[in-house]
Amino acid sequence: KKESPKQIIKKTPEIDSSLITIGSGSGFYINNQGYALTNNHVIDICKQSVAIIDGRETLFRVIATDKTNDVAVLKTDFRSRNYIRINEDGAELGESIIAVGYPLAGRLSDSVKITRGIVSSLSGLNNNIGQIQIDAALQPGNSGGPVLNESGELVGIASAGLNKLLMAKEAKYIPENVNFAVASPIVTNILKSKKVKYSSSGIFSGSYTNTELASLGNKSTIQLFCRNT
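This section reports on the structure supplied with the text. Computed from a predicted model, the values in this text were never measured in an experiment.

Comments concerning the overall build of the protein chain
Point 1. Along the backbone of the protein chain there are four helices and 12 strands.
Point 2. Contacts in the protein chain between residues at least 24 apart in sequence constitute 72% of all its contacts with a sequence separation of at least 6.
Point 3. Total accessible area computed for the protein chain in this model is approximately 12,200 Å², and 51% of it derives from carbon and sulfur atoms.

What to know about the sheet that holds strand β3 (residues 48-53)
Whenever strands of a sheet pair, they do so through backbone hydrogen bonds, lying parallel or antiparallel.
Point 1. Judged by pairing direction, the barrel is antiparallel, and its six strands sit side by side in the order β1-β2-β5-β4-β3-β12 before closing back on the first. Pairs of neighbouring strands in the sheet enclose a mean axial angle of 40°, with direction left out of account.
Point 2. Direction of pairing for strand β1 (residues 20-29) relative to strand β12 (residues 221-228): antiparallel, over a ladder of eight bridges. The residue bridging I20 from the neighbouring strand is N228, located in β12.
Point 3. Sheet strands touched by helix α4 (residues 210-220): β1 and β12. Its angle to β12, the strand with the most contacts, is close to 35°.

Some thoughts on the state of the cysteines
Point 1. If you walk through the whole model with that rule in mind, you get one disulfide.
Point 2. Here C46 pairs with C226 through a disulfide, and the sulfurs are 2.1 Å apart. Residues C46 and C226 share a disulfide whose torsion about the S-S bond is about -115°; that sign makes it left-handed. With C46 in the loop between α1 (40-43) and β3 and C226 in strand β12, this pair connects stretches of sequence that are 180 residues apart.

Quick look at α4
Point 1. For α4, the complete set of buried residues consists of L213, G217 and S220. Buried residues along α4 cover an arc of 75° about the axis, so they all sit on one side. Turned more than 90 degrees off the buried face of α4, the exposed positions are T211 and K219.
Point 2. Elements that come into contact with the buried residues of α4 comprise β1, β6 (96-101), β9 (146-149) and β12.

Quick word on the pairing of strand β5 (residues 71-75)
On a regular strand, each side chain points to the face opposite its neighbour's, so the side chains alternate between the two faces of the sheet.
Point 1. Burial of β5 is extensive: five of the five residues sit out of reach of the surface.
Point 2. Pairing of strand β2 (residues 35-38) with β5, which is carried by four bridges, proceeds in the antiparallel orientation. In the sheet register, L37 faces β5, and the bridge partner there is V73.
Point 3. Sheet topology note: the strand β4 (residues 56-66)/β5 ladder contains five bridges and is antiparallel. Residue pairing across strands places T65 opposite A72, the latter belonging to β5.
Point 4. What sits between the antiparallel neighbours β4 and β5 is a turn of four residues, in which D70 has the positive phi angle 60°.

Description of helix α3 (residues 184-193)
Point 1. Those residues of α3 that sit buried are S184, V187, T188, I190 and L191. Projected down its long axis, α3 shows its buried positions confined to an angular sector of 160°, all on one face.
Point 2. Positioned one or two residues after α3, K195 has a phi angle of 55°, which is positive.

Overview of the side chain of T58
Point 1. Among the structural elements, T58 can be located in strand β4.
Point 2. Residue T58 is classed as buried on the basis of its relative accessible area, which comes to 11%.
Point 3. A distance of 3.2 Å separates the side chain of T58 from the backbone oxygen of R56, its partner in a polar contact.

Points about the pattern of salt bridges
Point 1. Counted by the stated rule, this structure contains five salt bridges.
Point 2. Among the salt bridges present, the one from R227 reaches E57, with a minimum N-O distance of 2.9 Å. Highlighted residues: R227 in strand β12 and E57 in strand β4, separated in sequence by 170 residues.
Point 3. A salt bridge links E88 to K192, with the nearest nitrogen and oxygen atoms 3.8 Å apart. Of this pair, E88 sits in the loop between β5 and β6 while K192 is found in helix α3, placing the two residues 104 residues apart along the sequence.
Point 4. Of the residues examined, E88 reaches a relative accessible area of 34% and is grouped as partly exposed.
Point 5. Taking relative accessible area as the criterion, K192 reaches 48% and is therefore assigned partly exposed.
Point 6. Salt bridges linked by common partners bring E14, R61 and D77 together as one network.

Quick notes on the rules
Residues numbered from 1 in each chain as written. Predicted model: local features only at pLDDT ≥ 70, side-chain atom pairs only at ≥ 80, totals over all residues. Heavy atoms only, no water. Helix = DSSP H or I, 4+ residues; strand = E, 2+ residues; numbered from the N terminus. Contact = heavy atoms within 4.5 Å. Areas by Shrake-Rupley, 256 points an atom, 1.4 Å probe, with all protein chains shown as cover. Pairing = 2+ DSSP bridges. Axes fitted to C-alpha atoms, helices over the stretch in contact; angles between N-to-C directions. Disulfide = S-S within 2.5 Å. Buried < 20%, exposed > 50% of the residue type's maximum accessible area, 1.4 Å probe, protein only. Arc of directions from axis to C-beta. Polar contact = N/O pair within 3.5 Å; in protein donor to acceptor, adjacent residues only side chain to side chain. Salt bridge = Lys/Arg side-chain N within 4 Å of Asp/Glu carboxyl O.

And the structure:
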């Protein structure tokens, strides 16, 4: 059986080749100007955040961060034609969603992963209204990826699951399918305050099938590698 040829990754001068990858997360484009979003915790200890786009290492610079809400705004020179519109009103309780991202890098395949679920609650941990609770499965590496409604609009940024080991120790049970995402109205407030343009829901936004949502999510979502010494 032939092995597939290993992809040759082109290096660009702005990327520091002395840094090593210490972790990875997900991010996604929000306009055609090279702006993208992720979680603050995905990039906060990175000296550089890099994605591989069309076989080339591409640097994503940090433009703004919001530690409280766990959001980071990134900018790259690559301008993607595919990006995600943001639902300014936020999620609706019980609506169907998909989470898109790159979980468990290095263990699972390199391709984007889609998980499906519903919006379980319009508030997060300790009644935090800056979060929504979803039951779509999230793993390490999903952080920073988009959570889309059936119209293909962003209703959240996947951020965290309840820590199962901690809960098992403290509460003596293991929570299933309890995950959180940064609510989209919080995201739009951050973008407005930083004067970053984004597209919001269209008047005629129809409903997408799962495969159409997966395709939209796949084209707009990137795997971010965190590089440090």
